[in-house]
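# Working through the structure, step by step
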Amino acid sequence: MSDKTRAVRFDNSAMRLRFLTLMSRSGVYVMILLLLIVGTIVAPNIFLTFNNMIDVIEVGALLGTVALGVTFVTYSGHFVDLSIPSIMAFSGIIAVQILPLGLPVSIFGALLTGCAIGAVNGFMIGKLKANPIIWTLAVQFLVSGMLKWAYTGNQIYPDAVAGINMRVVDAFYAIYRTRLFGAIPLIVVIMLALALICQLVLFKTRYGQQLRVTGSNIKAAKCSGINTERTVWIAFVLCGLFGGIGGLLLSSLSKLGAFYMGEGYDFSTITAIVLGGVTLLGGRGNFAGVIGGVITLGLLSNILTFIGLGTFEQLFVKGFVFILIVWLNTFSLRKLGRDYV
Amino acid sequence: MSNTSIGPAAAADRRTRVKSIKWSNVINENRIYIMFAIVFITMAIIAPNFLNLFNIANILKGATLCAIVSVGFTVVLISGYLDLSVGSMINLGAVVVIAVGNKTGLVPGILAAVAAGMIGGLVNGLFVTKGKIHAFIVTLGMLSTVKGLLYMITGSASINIRDFAIVNYMESKVLWIFTPKVLITLALVVLIALLLRKTRAGRVFFLMGGNRETAWFAGYNTDRYALFAFMISAGMAAIGGILFALSTGTAVPNMGEKGLNPQLLVIAATIIGGTSMNGGKGSVVKSAFAVLTLTMLFNGFSCLGSGYEVQIAASGLILAAIVSYEAYSSYKADLRRGQRMKLLSQLDN
């Protein structure tokens, strides 16, 4: 197509090549640097303080945790898990509901719930090869409808469920609110630690290697003897696990469990993931980029708030910035000849 | 399996699947009509007050918005793309027709709203074809951008129509049980169905969806047709929004975010109607029928006295059942394909 004619005119000057490589490898960190400079100009006194930076990361920490899980799915070439909101809501409700049995049981229950839904998704999509978007949408409808039905649209509160055992309830609330050394929020540490683990899993383990090949080319992976069905399945289970962690944290933050928790996380996670340089076709990007994507979103709303734009103007600007950054990434990949999309 | 089925392998894949399960294919092709009949008969028997003219008129009226949007959405899916921005385009049409209509009169308002939707579709299409960004991402960005724009225009409040004559007209039964809204919807469905079946553009949409490179080699300017498809999708969504706003007399920038989201319903209905996410296969009439079936199901549930949550769960269950059935049959076809390589090579010749 027109790509091929353009490839002939491909300008190979070293400077340009270096720029394109930089943009395709770590475009999102270039963007973060740019945003840091802009922010310093906009609000010189407040922006580059320790507290503000911690705030920016803390706001995105929950999104980041969930996004790490969805990245496994996107990386395996299966677009997105639209059932993330229902996974988060379900595991949040389970966590609150079984809180009287103790905090460890509650946490375990939430993670198990996430894994269970993820396993069903993985079976249908990995093994039976259902379309990921449609299947996860169906699961989202089904689970959220059933939750609403089971709880007749009501929220449940930990202190009401656990009764007199306030010590457990306080511990549950504290999950989100703990600050290590009095300054660094626990959830930021959780997110960064999980990102590190995911990065190691992706690049240092056998499963990671299989996932990388599967994401790049599922047919080639199958021909080279990789059990692609199991690989995709595990990706969805991991996605459910991280969704469960997200649901637990969210119900700890909002001090309740409800069917509507996690609404909007389906598309905001994919925004962060794609910003971070993971392409929808799979097999490209890494977890450091995803964290970068989350931080970019946080910085962007931080700066736009300093400029004085409201939530709605921010929606407008963010939509365009999203398309722009993704365009930069795909454009540089294409010019480097790595992608022909 | 990769999601964009490009190349001869995918075509052969589809061909073998069709040949190996012939009888069930006939049922599968017409499943939406069968489902329609089943839902109609079941509800007529078990749901009180379901089978009377007033309720049936209500069902038709309720299906109009999603039916119109699903028609446009089907065109985009057939040409092998995806349009997630329809949710915002509905609201764009609704807000623009009332905001402009209040100032300049109804006809310029309607024209402005349709134009606004089409411009949105044009921007989508330009980003996808010229910027070569994945349609999923572009339309997701547009969803947020247009939503922000609408909040800015309306100040996040609902805006009301000034002249209620049009509202009365839209709600009046001009022909038996049909309101103008229903008649316009029928006309649009027939129009787009004819466009797909009888014109060159329609044939190119199918060809593009099946294999974009082949369409390009056949001498069609695929980029231009992609632009056209996106404009149809966004334009139809805007028209749906216009009709909805004119018959309720009010427009809000966030319609459908509470309760049953029309956008997700449209995606579900289009797939239930048999349109393929991989492109190249589908029918707007079946999509409209799927919307009608789901609306009828919801209506029947509310006749039985159950709320939104049961409706959402039921639509999820139906969607899940259909996806499982499709996945299972293609899984079995895959298994069979691995075992009889020689037979298959004969089939391909």
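Residues numbered from 1 in each chain as written. Chains lettered and ligands numbered in written order. Predicted model: local features only at pLDDT ≥ 70, side-chain atom pairs only at ≥ 80, totals over all residues. Heavy atoms only, no water.

For the rest of this paragraph, the subject is the overall build of chain A. For chain A, the helix and strand inventory stands at 15 helices and 2 strands. Relative to the 2.2 N^0.38 estimate, which gives 20 Å for 341 residues, the radius of gyration of chain A is 21 Å and therefore close to what a compact globule would have. Taking the principal axes of its C-alpha atoms as reference, chain A extends roughly 75 × 55 × 35 Å. The proportion of buried residues among the 341 residues of chain A is 54%. When contacts within chain A are restricted to residue pairs at least 6 apart in sequence, long-range pairs at least 24 apart make up 75% of them. When the accessible surface of chain A is summed, it comes to about 14,500 Å², and 68% of that surface belongs to carbon and sulfur atoms. For chain A, the distance from the average position of its 24 positive side-chain charges to the average position of its 12 negative side-chain charges is 13 Å. (Helix = DSSP H or I, 4+ residues; strand = E, 2+ residues; numbered from the N terminus. Rg over C-alpha atoms; globule rule 2.2 N^0.38 Å. Buried < 20%, exposed > 50% of the residue type's maximum accessible area, 1.4 Å probe, protein only. Contact = heavy atoms within 4.5 Å. Areas by Shrake-Rupley, 256 points an atom, 1.4 Å probe, with all protein chains shown as cover. Lys, Arg positive; Asp, Glu negative; His and termini not counted. Charge placed at Lys NZ, Arg CZ, Asp CG, Glu CD.)

As a further point, take the packing of helix H8 (residues 166-177) of chain A against helix H12 (residues 228-254) of chain A. Angle between the axes and distance between the axes: these two values describe a pair of packed helices. Residues and elements named next belong to chain A. The interhelical angle for the contact between H8 and H12, taken along N-to-C directions, is 105°, at an axis separation of 8 Å. Taken together, H8 and H12 sit at an angle that is classed as roughly perpendicular. Contacts from Phe-172, Tyr-173, Ile-175, Tyr-176 and Arg-177 of H8 reach H12 at Leu-248, Leu-249, Ser-251, Ser-252 and Leu-253. Within the contact of H8 with H12, the residues separate by chemical class into 7 nonpolar, 2 polar and 1 charged. (Axes fitted to C-alpha atoms, helices over the stretch in contact; angles between N-to-C directions. Parallel < 35°, antiparallel > 145°, perpendicular 65-115°, else oblique. Nonpolar A, V, L, I, M, F, W, Y, C, P; charged D, E, K, R; others polar.)

All names here are of chain B. For the structure shown, the criterion picks out 6 salt bridges over all chains. Notably, a salt bridge pairs Arg-31 with Glu-326, separated by 3.0 Å at the nearest N-O pair. Of this pair, Arg-31 sits in helix H3 (residues 31-46) while Glu-326 is found in helix H15 (residues 308-339), placing the two residues 295 residues apart along the sequence. Glu-171 is the partner of Lys-61 in a salt bridge, and the nearest nitrogen-oxygen pair spans 3.2 Å. You can see Lys-61 sitting in helix H4 (residues 53-78) and its partner Glu-171 sitting in helix H8 (residues 165-171), a full 110 residues away along the chain. (Salt bridge = Lys/Arg side-chain N within 4 Å of Asp/Glu carboxyl O.)

Take the side chain of Ser233(B) next. Residue and element names in this part refer to chain B. Within the secondary structure, Ser-233 sits in helix H12 (residues 222-248). Take Ser-233: its relative accessible area is 0%, and that puts it in the buried class. The contacts of Ser-233, once residues within four sequence positions are left out, are Gly-72, Phe-73, Val-76, Asp-83 and Val-86.

Moving on: the packing of helix H6 (residues 106-129) of chain B against helix H7 (residues 135-154) of chain B. Residues and elements named next belong to chain B. At a minimum axis separation of 9 Å, H6 and H7 run at an interaxial angle of 145°. Note that H6 runs across H7; the crossing there is right-handed. Facing Gly-120, Val-123, Asn-124, Phe-127 and Val-128 of H6, the residues of H7 in contact are Ala-135, Val-138, Thr-139 and Met-142. (Left-handed = near helix turned anticlockwise from the far one by under 90°.)

On to empty space enclosed by the protein. Tallied over the entire structure, the rule returns 3 cavities of 30 Å³ or more. Lining the second largest cavity, in full, are Leu82(A), Ile133(A), Phe267(A), Leu82(B), Leu84(B), Leu264(B), Ile267(B) and Met277(B). A breakdown of the residues in the lining of the second largest cavity according to their chemical character gives 8 nonpolar, no polar and no charged. (1 Å grid on protein atoms, 1.4 Å probe; cavity = no way out; pocket = protein on both sides within 12 Å on 5 of 7 lines; lining within 4 Å. Points joined across faces, edges and corners; volume = space filled by probe spheres on them.)

What sets the pattern is the α-helix's 3.6 residues per turn: residues three or four places apart point alike. All names here are of chain A. Helix length check: helix H14 (residues 287-307), at 21 residues, gives a terminal C-alpha distance of 30 Å against a target of 30 Å (1.5 Å per residue), a fit within 8%. With 17 of 21 residues buried, H14 is to be regarded as a mostly interior element. Within two residues after H14, Gly-308 carries a phi angle of roughly 110°, on the positive side. (Expected span 1.5 Å × (residues − 1).)

Attention shifts here to the confidence of the model for chain A. Across chain A, pLDDT averages 87, with 94% of residues at or above 70. Mean pLDDT across the secondary structure elements of chain A bottoms out at helix H1 (residues 2-8) of chain A, with 49, and peaks at H12(A), with 95. (pLDDT = per-residue confidence, 0-100.)

On to the confidence of the model for chain B, then. Residue and element names in this part refer to chain B. Of all residues in chain B, 88% attain a pLDDT of 70 or more, and the chain-wide mean is 85. Every residue in residues 1-5 is under pLDDT 50, and counting partners more than four places away or in other chains gives 15 contacts. In the predicted assembly, ipTM is 0.80 and pTM is 0.85.

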